[in-house]
Amino acid sequence: MIKVRLFASVREAVGQAEIDVSAEGVRTVTELIAVLSRRGDAFRRALTAENLLIAVNQTMAERTVTIGDGDEVAFLPPVTGG
């Protein structure tokens, strides 16, 4: 299983903070996003935003990074401050 964690506006958009996804057939973050996007428009919109930040096992990552069973993938909006 891949542990998916959703933060801030991403969590609010899809209505969930954590999701477990089967690692079978999922090799990259891009493929994980495709699997999650099948859950509905809210997931698709939230997870395909250009400015979305991604962390794999608590390290910032690109959508092309390889993932697998036991990994944690977090999606979060960019942080802004004043």
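Residues numbered from 1 in each chain as written. Predicted model: local features only at pLDDT ≥ 70, side-chain atom pairs only at ≥ 80, totals over all residues. Heavy atoms only, no water.

Draft legend 1. View of unusual backbone geometry. The phi dihedral of Asn-57 falls on the positive side, at around 50°, and the residue is not glycine. Tracing the backbone shows Asn-57 in the loop between strand 3 (53-56) and strand 4 (59-60). Relative accessible area serves as the criterion here: at 39%, Asn-57 is assigned to the partly exposed category. Although it is not a glycine, Gln-58 sits at a positive phi angle of roughly 65°. For Gln-58, the location among the structural elements is in the loop between strand 3 and strand 4. What makes Gln-58 exposed here is its relative accessible area of 70%. (Helix = DSSP H or I, 4+ residues; strand = E, 2+ residues; numbered from the N terminus. Buried < 20%, exposed > 50% of the residue type's maximum accessible area, 1.4 Å probe, protein only.)

Draft legend 2. Molecular detail of the packing of aromatic side chains. Here the structure, examined in full by the defined rule, presents 0 aromatic pairs. In this structure, Arg-39 packs its charged tip against the face of Phe-43, placed 6.0 Å from the ring centre. (Phe/Tyr/Trp six-rings, centres within 6.5 Å; stacked < 30°, edge-to-face > 60°. Lys NZ or Arg CZ within 6 Å of the ring centre and 35° of its normal.)

Draft legend 3. Just helix 2 (residues 29-37), in detail. Looking at helix 2, one finds that the buried residues are Val-29, Leu-32, Ile-33, Leu-36 and Ser-37. Viewed along the axis of helix 2, the buried residues span an arc of 135°, placing them on a single side of the element. Against strand 1 (2-6), strand 2 (18-21), helix 3 (41-47), strand 3 and strand 5 (72-76) lie the buried residues of helix 2. (Arc of directions from axis to C-beta. Contact = heavy atoms within 4.5 Å.)

Draft legend 4. View of the environment of Met-60. The topology assignment puts Met-60 in strand 4. For Met-60, a relative accessible area of 52% gives the class exposed. Sequence separation between Met-60 and Val-73 is 13 residues, and the spatial gap between their C-alpha atoms is 9.7 Å.

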